[in-house]
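Below, each chain spelled out in residue letters.
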Amino acid sequence: AAEFETTVKEVAGPVLPELNDEFFAQFGVDEGGIEAFRAEVRQNMERELRQAIKTKIKGQVMDGLLETNQVDVPKALLGGEIDRLRAQAVQQFGGASIKPEQLPAELFEEQAKRRVALGLVVAEIVKQHELKPDADRVRAMIEEMASAYQEPEQVVNWYYQNEQQLGEVQSVVLEEQVVDTVLQK
C-alpha cells in the first residue's frame, strides 16, 4: 500500500473545434465548406479501406503459397536476408552505436526464411506467367498515393523522376499482379 499527495493544477477536457473554413483549410479543403470536407474525409477513408483489404488478401495468398509450396531455402540467400533484416532493425531503432552483426541471427531466422521462400515462389510465378509491371496500374497506384498530398502532380512527377522509388512501386504492382494471377488460378 502507498499513499500519494497531489496538487491538481488544472482540470481540462477535450474541446471540439468549430467546423469552419479555417478548420477545413488545415486539411487542405479550401473551398466547398463542410460538404467538401466530408467528401475529402470519405475519400481518404475509402482509400485506406481499399488498401487494408488488399493487404489482407495479399497476406492470405502469400500464406497459401507457402503452405502449398515447400521450398528448401539456400543458406546463402538466408544469410543475406538475415543481414538485411539486421540492418533494417538497427536503422529503424536508430542504433548508431550498434553494429548489425551484434544482433543475434536467430532473432531474424524465421522471418528471413519466410521472405526468401516467398521471394523464390513469387519469382517462379512471375517467370512462368511472364508477368511484367503493368504501366497503367503503376500510374494508378502513384496517382492514388499522390492524391493524399496537396499538390498531387508534383508527387507523381517526383516518382517518375526517381528511378528507385518508381522501381519500388513497380515491385508492389508486380506483387499485386502475382496475387491476381494466383486468385484467378
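In this report, we go over the structure that sits alongside the text. (Residues numbered from 1 in each chain as written. Predicted model: local features only at pLDDT ≥ 70, side-chain atom pairs only at ≥ 80, totals over all residues. Heavy atoms only, no water.)

## Quick word on the side chain of glutamine 177
Point 1. Take glutamine 177: it is sitting in helix H7 (residues 163-184).
Point 2. Accessibility expressed as a relative area gives 11% for glutamine 177, which makes it buried.
Point 3. Here the side chain of glutamine 177 touches aspartate 134 through a polar contact of 2.8 Å, landing on its backbone nitrogen. (Helix = DSSP H or I, 4+ residues; strand = E, 2+ residues; numbered from the N terminus. Buried < 20%, exposed > 50% of the residue type's maximum accessible area, 1.4 Å probe, protein only. Polar contact = N/O pair within 3.5 Å; in protein donor to acceptor, adjacent residues only side chain to side chain.)

## Some words on the nonpolar core
When a protein is soluble and globular, its nonpolar side chains tend to lie buried together.
Point 1. Counting 14 residues, the largest nonpolar core has Met62, Leu65, Val122, Ile125, Val126, Leu131 and Val178 as the members making the most contacts within it.
Point 2. When contributions to this core are tallied by element, the ones reaching two or more residues are helix H2 (33-68), helix H4 (106-128) and H7.
Point 3. Ranked by residues supplied to this core, first place goes to H4 with 6 residues.
Point 4. Other than its neighbours up to four places away in sequence, leucine 65 contacts Val121, Ile125 and Val182. (Core = buried A, V, L, I, M, F, W, Y, C linked by side-chain atoms within 4.5 Å. Contact = heavy atoms within 4.5 Å.)

## Details of the layout of surface pockets
It is a probe the size of a water molecule, rolled over the atoms, that shows where empty space is left.
Point 1. One number sums up the size of the largest pocket: a volume of about 400 Å³.
Point 2. Of all the elements in the fold, those that place two or more residues in the lining of the largest pocket are H2, helix H5 (135-146) and H7.
Point 3. Residue classes in the lining of the largest pocket are distributed as 8 nonpolar, 2 polar and 7 charged. (1 Å grid on protein atoms, 1.4 Å probe; cavity = no way out; pocket = protein on both sides within 12 Å on 5 of 7 lines; lining within 4 Å. Points joined across faces, edges and corners; volume = space filled by probe spheres on them. Nonpolar A, V, L, I, M, F, W, Y, C, P; charged D, E, K, R; others polar.)

## Comments concerning unusual backbone geometry
Point 1. The phi angle at glutamate 130 is positive, at roughly 50°, despite the residue not being glycine.
Point 2. Here glutamate 130 lies in the loop between H4 and H5.

## Brief notes about H4
Point 1. Its 23 residues place the ends of H4 33 Å apart at the C-alpha level, agreeing with the 33 Å of an ideal helix rising 1.5 Å per residue.
Point 2. Of all the bends found along H4, the most pronounced is centred on alanine 112 and spans about 25°.
Point 3. For H4, the full list of buried residues reads Phe108, Ala112, Val116, Ala117, Leu118, Val121, Val122, Ile125 and Val126.
Point 4. Phi for glutamate 130, located one or two positions after H4, is positive at around 50°. (Expected span 1.5 Å × (residues − 1). Bend = angle between axes of the 7 residues up to and from the residue.)

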